[in-house]
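# Overview (structure and organization)
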Amino acid sequence: REVDLILNKVGVTDLTPFGKFMLEGPGATKFLSSMVANTMPKVNRVNLSHLLTPCGKVYAELTVTRLDKDRYYIVTGSGSELHDFRWLVHNLPKDRDFTLTNVTENRGVFGVTGKYARDVMSKLTPEDMSHDAFKFLECREMDLAGVPVQATRISYTGELGWELHHDIKDSAKLYDAICTAGRAFDIADYGTLAVNSLRIEKGFRGWGAEMNLDKNPFEAGLNPFIKPNKKVRFIGQDAVKKLKDEELKSKLVTLIVETHGRQDPAGDEVIWFDNKVVGNTTSGAFSYQLGKSICFAYLPPHLASLGNQVYVELLGLRYPAIVSRDPLFDTEPARVAKGAAS
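Now for a look at the structure at hand. (Residues numbered from 1 in each chain as written. Predicted model: local features only at pLDDT ≥ 70, side-chain atom pairs only at ≥ 80, totals over all residues. Heavy atoms only, no water.)

## So, the nonpolar core
- Counting residues in hydrophobic clusters, the biggest one holds 24 residues, and the most contacted among them are V120, L144, W162, L164, L174 and I178.
- Those elements giving two or more residues to this core turn out to be β7 (107-113), α4 (117-124), β8 (139-144), β9 (147-152), β10 (161-167) and α5 (171-182).
- Sequence-distant contacts of V120, defined by excluding residues within four places in its chain, comprise V10, V112, I178, A181, G182 and F185.
- If you look at the next biggest cluster of nonpolar residues, it comprises 22 residues, including A28, L32, L92 and F98. (Core = buried A, V, L, I, M, F, W, Y, C linked by side-chain atoms within 4.5 Å. Buried < 20%, exposed > 50% of the residue type's maximum accessible area, 1.4 Å probe, protein only. Helix = DSSP H or I, 4+ residues; strand = E, 2+ residues; numbered from the N terminus. Contact = heavy atoms within 4.5 Å.)

And the structure:
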């Protein structure tokens, strides 16, 4: 029901547990660029950036919003708030001329996601919410039903959606306004299990599962977000310069698992080939669009080719699994781009 809600109607979810940090001051850009492997986004734009260890492993994934030249709003997962904040604080220079503040407890976040998300947003503001006027990965400060919000066009489901960051004291008012505006489109709440299914379909990695301290970013398929040759030196840069030219020891793939509805992979299951353990799953779910079980998994490169068959062990039984395209389904921005090009 919740997946259908997002794909064919519109849903709202509470993302307030996200970790949220404010970085601002003359030296903020230099510091943040030295911490992450990606380049800095332009003002009012957002990107995914990764903290790496000195040996090039994935320490964390951050959503970085550039609010001004030297002012950044950094978002991370609810389970990694203190983990990520501690790493940033540990690497702060002593003679800094900027501040880093954990604002998690002060900021609420709602996600408005789905086919009619734009219609709901348009009922709450006179601003132009069209695809061309409010682009994917754009951030804008605006009022929704009289509530000041920092709206970002992004969704972990890969569908059309906005994250609405706001003063937590306004959460009840904003939620009521969203539900009232969405009533005509049958809006309802959705949760983590629906998000997990959709994000695996879209090929979105998760920290602590696909991204961890055992794997480097190239094994995890994070190549577009890693800039080994960027001008500002960053933690792990020397390591990833070497790693990008080395053969992969393992490769993250998407598997379609023929479980016939008995159970779904959840992560950390053993993968077999030729009666040998060759890898492990990292996370899994039921794909409501395919009607089958799906999962991410790490395999040796020689078994990671499209169409190869391996076996995933679930509750003591081995189920055939096929290496499939990644992603299984295009994201909403990709679908729009393909439509415009055709």
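Let us keep going from here.
## Points about the pattern of salt bridges
- A complete count under the given rule lists 16 salt bridges for this structure.
- In this structure, the salt-bridge partner of R325 is D330, at a minimum N-O distance of 3.4 Å.
- The exposure class assigned to R325 is partly exposed, which follows from its relative accessible area of 43%.
- D330 gets classed as buried once you look at its relative accessible area, which sits at 19%. (Salt bridge = Lys/Arg side-chain N within 4 Å of Asp/Glu carboxyl O.)

## Focus on the sheet that holds strand β17 (residues 317-324)
- Read around the closed barrel, 6 strands run β12-β15-β14-β13-β16-β17, paired in antiparallel fashion. Ignoring which end each strand starts from, the neighbouring axes of this sheet average 45° apart.
- As defined by bridge partners, strand β13 (residues 270-273) adjoins strand β14 (residues 276-287) across 4 bridges and the pair is classed as antiparallel. Bridge pairing links F273 to K276 in β14.
- Packed on one face of the sheet, helix α6 (residues 192-201) meets β14 and β15 (292-299) and runs near 120° to β14. (Pairing = 2+ DSSP bridges. Axes fitted to C-alpha atoms, helices over the stretch in contact; angles between N-to-C directions.)

## A few points about unusual backbone geometry
- The linkage connecting D326 with the following residue, P327, adopts the cis geometry, with an omega of 5°.
- Turning to its location among the elements, P327 is positioned in the loop between β17 and α8 (332-341).
- Even without being glycine, A145 reaches a positive phi, approximately 50°.
- With respect to the helices and strands, the residue A145 is situated in the loop between β8 and β9.
- Under the relative-accessibility criterion, A145 is labelled partly exposed at 34%.
- A positive phi angle, near 60°, is found at D186, a position not held by glycine.

## Quick notes on the packing of aromatic side chains
- By the definition in use, this model includes 8 aromatic pairs.
- Between the aromatic rings of F21 and F85, the centroid separation amounts to 5.0 Å while the plane-to-plane angle is 45°, which identifies the pairing as tilted. One end of the pair, F21, is in strand β2 (residues 19-24); the other, F85, is in helix α3 (residues 81-90), and 64 residues separate them in sequence. A single burial state applies to F21 and to F85, both of which are buried. (Phe/Tyr/Trp six-rings, centres within 6.5 Å; stacked < 30°, edge-to-face > 60°.)

## Notes on the side chain of R118
- Mapped onto the elements, R118 comes out in helix α4.
- No salt bridge is formed by the buried R118. Its closest oppositely charged neighbour is E332, at 4.8 Å.
- Polar side-chain contacts of R118 include one of 2.6 Å to the backbone oxygen of M129.
- Residues within four places of R118 in sequence aside, it is in contact with M129, S130, H131, R153, L160 and W162. (Lys, Arg positive; Asp, Glu negative; His and termini not counted. Polar contact = N/O pair within 3.5 Å; in protein donor to acceptor, adjacent residues only side chain to side chain.)

## Points about α6
- Summarising burial for α6: 8 of the 10 residues are buried, a large majority.
- Where α6 is concerned, the buried positions are A194, V195, N196, S197, L198, R199, I200 and E201.
- Buried residues along α6 sit in contact with α1 (2-8), β14 and β15.

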